[in-house]
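A closer look at the structure
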Amino acid sequence: MNKITLVIFLAFSFVMNGQENYPIDAFRPPLDIPIILAGTFGELRSNHFHSGIDIKTQQREGLPVYGIGDGTVTRIKVSLWGYGKVLYVAHPNGYTSVYGHLQKFSPDIEKYIKKIQYEKKSYEVEVFPDYGELKIKKGELIAYSGNTGGSSGPHLHFEIRSSISEKPTNPLLYGIDVADATNPILEKLFIYPLSSTTQVNGSQEKIEINFSKQSDGTYLGDKISALGKIGLGFIGFDRQDLAANRNGIYAVELKVNGKTYTSYDFEKFSFGETRYINTLIDYDYYGKYRQRIQKCFKTLGNYLSIYDKLENNGHINIKEGLSYNVNLILKDFAGNKVEVTIPIEGKKETVKLPKKSDKTENYVIAKKPNNYDLNVAKVYFPENTFYEDFYIDLKKGNDTVRIHRNTVPAHRNFTITFDVSKYPKAAQKQLFIARLNKNLEANYATTYKRGNTFTTRTRNLGTYTLAKDTIAPIIRTKNFKEKQWLNNYKYLSVYIADDLSGIDTYSAKLNGEWILMEYEPKRQTLTYNFDDRILDKKQCTLEVTVIDNVGNKNVLTTSFYRK
């Protein structure tokens with residue numbers, strides 16, 4: 001049996017045999033510090049579930065990162081966003097470990113990737129080394145922790161995936177020790193009327209339920225009167241012992257009179273389903289208040305596989321004259337839990353708060369393509385762009401159009417096409433499609449130009465306009481001055497920024513030769529490491545070229561001395 005066959009066999013065995021076979025002693029932690037989490041597996045993020053754990057790195061970069069087991073590097077990616085600098089290691093037992101937001105790789109891997117970057121003359125690269133080309137041992141230094149990509153602070157993003165299915169699994173299943181004797185926190189509780197005839201406390205809109213702590217440590221909600229089909233939702237989070245971070249809940253269970261109606265946890269999920277997170281949360285509430293209500297019931301378009309049990313899709317049918325005890329239990333991975341009981345009486349009441357009408361002139365059928373003419377622009381929704389049918393609010397305009405609000409999630413990209421024929425050709429070069437935020441600030445939307453039409457593909461509803469950018473990007477030296485001696489400098493850095501459409505490309509030359517400058521968008525900084533190339537001149541000329549997304553260009557030429 002060769003190595004590749006062995007990997008496949010072992011991985012298949014673990015997948016088939018279920019959770020109890022996760023190898024809890026096979027791997028070591030990726031860092032030699034206490035494991036404290038800034039983010040948990042399955043945590044609710046924008047349009048996706050968190051596919052790993054975020055390990056705190058003591059608010060600093062440059063901590064050694066070690067391979068958790070013997071293996072071979074199968075993928076290396078360097079990008080401006082996402083995981084930034086990330087390393088993938090396949091292990092013989094059928095799992096792949098992932099290390100993201102790295103500052104840099106170990107010397108051998110760094111040399112390997114920089115050779116490719118110089119060959120391609122690009123900072124952003126993605127490579128797939130041959131199996132066995134870059135072998136590592138358990139506990140071997142493979143990288144240093146950082147803050148690259150979409151990270152908002154120094155930490156290590158760490159994953160363990162199945163090498164066969166590529167499904168991410170909860171890294172805590174493999175014996176990683178995290179101090180946790182702290183219960184999850186329940187912040188808010190909601191009841192949803194799920195039919196046109198349902199009322200809850202005289203309301204056909206969702207209502208928030210007050211609850212209080214009892215002597216036994218559980219919580220009791222205010223008594224509710226309802227009639228018809230209802231569902232439960234909550235806002236909650238988890239905390240570990242040594243951190244104040246608001247982390248995700250591991251497991252949720254909803255019981256009605258002792259019977260489980262909904263049960264799900266975050267043992268694993270598929271990347272192909274992660275965007276269905278928008279059906280698990282109340283997206284309308286999130287769009288308005290930036291808080292995620294987690295629904296304990298399924299709605300249309302929800303194809304998530306995280307559920308262990310679903311009775312009637314989590315919908316509770318409240319009948320007149322009957323009493324119900326609804327229990328919601330939230331657990332973390334360590335088994336700590338918080339429990340709330342909501343007493344409900346089946347009782348008919350006069351509706352004092354009817355459901356608000358959302359009718360407009362246009363109704364979207366989710367399973368059919370929809371096309372709308374908004375004067376200056378046309379919008380096309382392919383079939384299954386949305387999860388449910390809804391009335392869409394559209395506003396026509398001469399330069400600006402409104403395509404509903406960001407309170408409805410789109411699962412697929414839709415197309416917005418602007419007619420720019422009224423603008424002279426010279427002016428068209430500086431125009432782009434922008435999405436306006438709530439402060440009416442223009443954010444660049446990737447714009448494809450073809451003749452007199454500009455097109456963008458997006459999943460974000462909202463207000464779109466044609467914006468104009470006439471100003472070239474800014475470039476200036478950051479850690480040195482013109483004609484300065486830099487003998488003891490390890491690196492030089494340059495500040496770059498653009499005021500409107502954003503930076504599209506950049507390049508740099510040193511004494512006429514292309515050099516690798518690492519771009520960190522969060523700091524708006526280009527950095528060149530002097531170890532990359534041996535300078536054969538005492539006087540050095542640096543040339544940096546930056547182009548924004550509409551083609552405005554700026555070039556900085558400066559010189560310094562080094563020997």
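In this text, all values refer to a predicted model and were calculated from it rather than measured experimentally.

1. With respect to the overall build of the chain
Secondary structure assignment for the chain yields five helices and 48 strands. On the principal axes, the C-alpha backbone points of the chain span a range of 90 × 65 × 45 Å. The proportion of buried residues among the 563 residues of the chain is 51%. Long-range contacts, defined as pairs at least 24 residues apart, comprise 69% of the intrachain contacts of the chain with a sequence gap of at least 6. Here the chain has roughly 27300 Å² of accessible surface; of this, 47% comes from carbon and sulfur atoms. Positive and negative side-chain charges of the chain, numbering 77 and 62 respectively, have mean locations separated by a distance of 4 Å.

2. Observations concerning the sheet that holds strand 35 (residues 431–436)
Taken together, the five strands give an open sheet; going across it, the order is 32-33-39-35-36, and neighbouring strands pair in antiparallel fashion. One side of each edge strand has no neighbouring strand; the edge strands of this open sheet are strand 32 (394–395) and strand 36 (442–444). Pairing geometry for strand 35 and strand 39 (residues 462–468), over six bridges, is antiparallel. Bridge pairing in strand 39 links Leu-436 to Thr-463.

3. What to know about the sheet that holds strand 12 (residues 141–145)
Reading across from one edge, 5-12-9 is the order of the three strands in this open sheet, with antiparallel pairing throughout. Two strands close off the open sheet at either side, each with one partner strand: strand 5 (64–66) and strand 9 (102–105). Strand-to-strand twist of the sheet, defined as the mean angle between neighbouring strand axes without regard to direction, takes the value 35°. As paired elements, strand 9 and strand 12 share three bridges and run antiparallel to each other.

4. So, the packing of aromatic side chains
Using the criterion set out here, one finds 31 aromatic pairs in the structure. Arranged with centres 6.2 Å apart and planes meeting at 85°, the rings of Tyr-264 and Phe-266 form a pair that is edge-to-face. For the pair shown, Tyr-264 and Phe-266 are each scored as buried. With a centroid separation of 4.8 Å and an interplanar angle of 50°, the aromatic rings of Tyr-285 and Tyr-289 are classed as tilted. With Tyr-285 and Tyr-289 both in helix 4 (residues 283–289), this residue pair falls four residues apart, about one helical turn. Classification of Tyr-285 as buried rests on a relative accessible area of 10%.

5. A few points about the side chain of Ser-51
In this fold, Ser-51 is placed in the loop between strand 3 (48–49) and strand 4 (53–56). Classification of Ser-51 as buried rests on a relative accessible area of 4%. Among the polar contacts listed, one links the side chain of Ser-51 to the side chain of Tyr-83, at a separation of 2.9 Å. Looking at Ser-51, its side chain comes within polar contact range of the side chain of Glu-159, at 2.8 Å. With sequence-adjacent residues up to four places away left out, Ser-51 is seen in contact with Phe-41, Tyr-83, His-157, Glu-159, Pro-168, Phe-269 and Phe-271.

6. Things to note about the confidence of the model for the chain
For the chain, per-residue confidence averages 94 on the pLDDT scale, and 96% of positions sit at 70 or higher. Note on residues 1–18: pLDDT is under 50 here. Beyond four places in sequence and across chains, it has 18 contacts.

7. Some details on the pattern of salt bridges
Summed over all chains, the structure comprises 20 salt bridges. With its nearest N and O atoms 4.0 Å apart, the salt bridge here joins Glu-110 to Lys-114. Placement of the pair is Glu-110 and Lys-114 together in helix 2 (residues 107–120), with a separation of four residues, close to one helical turn. Exposure class is identical for Glu-110 and Lys-114. Each is buried. The shortest N-O distance in the salt bridge between Lys-288 and Asp-284 comes to 3.1 Å. Here the residue Lys-288 and the residue Asp-284 both occupy positions in helix 4, the gap between them amounting to four residues, near one helical turn. Taking the relative accessible area as the measure of exposure, Lys-288 reaches 52% and is therefore exposed. Connected through salt bridges with shared partners, the residues Glu-43, Arg-45 and Asp-54 form a single ionic network.

Rules and cut-offs
Residues numbered from 1 in each chain as written. Predicted model: local features only at pLDDT ≥ 70, side-chain atom pairs only at ≥ 80, totals over all residues. Heavy atoms only, no water. Helix = DSSP H or I, 4+ residues; strand = E, 2+ residues; numbered from the N terminus. Buried < 20%, exposed > 50% of the residue type's maximum accessible area, 1.4 Å probe, protein only. Contact = heavy atoms within 4.5 Å. Areas by Shrake-Rupley, 256 points an atom, 1.4 Å probe, with all protein chains shown as cover. Lys, Arg positive; Asp, Glu negative; His and termini not counted. Charge placed at Lys NZ, Arg CZ, Asp CG, Glu CD. Pairing = 2+ DSSP bridges. Axes fitted to C-alpha atoms, helices over the stretch in contact; angles between N-to-C directions. Phe/Tyr/Trp six-rings, centres within 6.5 Å; stacked < 30°, edge-to-face > 60°. Polar contact = N/O pair within 3.5 Å; in protein donor to acceptor, adjacent residues only side chain to side chain. pLDDT = per-residue confidence, 0-100. Salt bridge = Lys/Arg side-chain N within 4 Å of Asp/Glu carboxyl O.

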